[in-house]
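The primary structure of each chain is shown beneath.
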Amino acid sequence: MEPDAGYRPNAGETFMNSVQLAYFRRKLLDWKEAIVRESRDTMAQLKSGPIREADVTDRASSETDWGIELRTRDRQRKLIAKIDAALRRIEQGEYGYCEVTGEPISLARLEARPIATMTVEAQERHERQERVSRDD
């Protein structure tokens, strides 16, 4: 069942009912589509030819900009993998639940970060443990 255009999940509903799942699925698919579209635009610009600035400083600036753009695309490639994983969790009936505690992830967190796999508390514990192990 597809939600209405103005629909927003709310705590008064059954958690991860079919409408909420359809809402988050659409949100994830739209996000992925936007990233892919941006990547295509970047690739089209890259294929248009080499950087042609005559001035060495301008050329260096353009190359730096392209380097930043390519690093951004790499981060987005990793983000697409996380979006795909979230879509798989929807299909498997695991979406919206913390992979550590099994508790529901708040709707506000999922709205802000639909690829979230942990509750805020579990994420904070995880990050504290990572910092401690890095400091050792």
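Since this is a predicted model, take the numbers as computed values, not measurements. (Residues numbered from 1 in each chain as written. Predicted model: local features only at pLDDT ≥ 70, side-chain atom pairs only at ≥ 80, totals over all residues. Heavy atoms only, no water.)

1. Looking at the overall build of the protein chain
- In terms of helices and strands, the protein chain carries four helices and zero strands.
- Ordered by position from N to C terminus, the α and β elements of the protein chain give α-α-α-α.
- Here the C-alpha atoms of the protein chain give a radius of gyration of 20 Å, more than 25% beyond the 14 Å that 2.2 N^0.38 yields for 136 residues.
- When burial is assessed residue by residue, the protein chain has 27% of its 136 residues classed as buried. (Helix = DSSP H or I, 4+ residues; strand = E, 2+ residues; numbered from the N terminus. Rg over C-alpha atoms; globule rule 2.2 N^0.38 Å. Buried < 20%, exposed > 50% of the residue type's maximum accessible area, 1.4 Å probe, protein only.)

2. Overview of unusual backbone geometry
- Residues other than glycine seldom take positive phi values, yet M16 does so here, at roughly 55°.
- Among the secondary structure elements, M16 is positioned in the segment before α1 (18-47).
- Residue classification places M16 among the buried residues on the basis of a relative accessible area of 10%.

3. Here's the deal with the side chain of R89
- Relative to the helices and strands, R89 is located in helix α2 (residues 56-92).
- One buried charged residue, R89, forms no salt bridge at all, with the nearest opposite charge on E99 at 5.8 Å. (Lys, Arg positive; Asp, Glu negative; His and termini not counted. Salt bridge = Lys/Arg side-chain N within 4 Å of Asp/Glu carboxyl O.)

4. Notes on the pattern of salt bridges
- The full count for this structure, using the stated rule, is seven salt bridges.
- We note a salt bridge from D30 to R26, for which the minimum N-O separation is 2.8 Å. Taken together, the residues span about one helical turn, with D30 and R26 both in helix α1 at a distance of four residues.
- Judged by its relative accessible area of 37%, D30 falls in the partly exposed class.
- Exposure remark for R26: the relative accessible area of 37% places this residue in the partly exposed category.
- Residues joined by salt bridges that share partners form a network here, namely D74, R77 and K78.

5. Thoughts on the nonpolar core
- Counting residues in each nonpolar core, the largest one holds 22 residues, and the members touching the most others are F24, L28, I83, Y95 and L110.
- Of all the secondary structure elements, the ones that give two or more residues to this core are α1, α2 and α3 (107-112).
- For this core, the leading source of residues is α2, giving six residues.
- The contact partners of I83, leaving out residues within four places of it in the chain, are L28, W31, K32, I35 and I115. (Core = buried A, V, L, I, M, F, W, Y, C linked by side-chain atoms within 4.5 Å. Contact = heavy atoms within 4.5 Å.)

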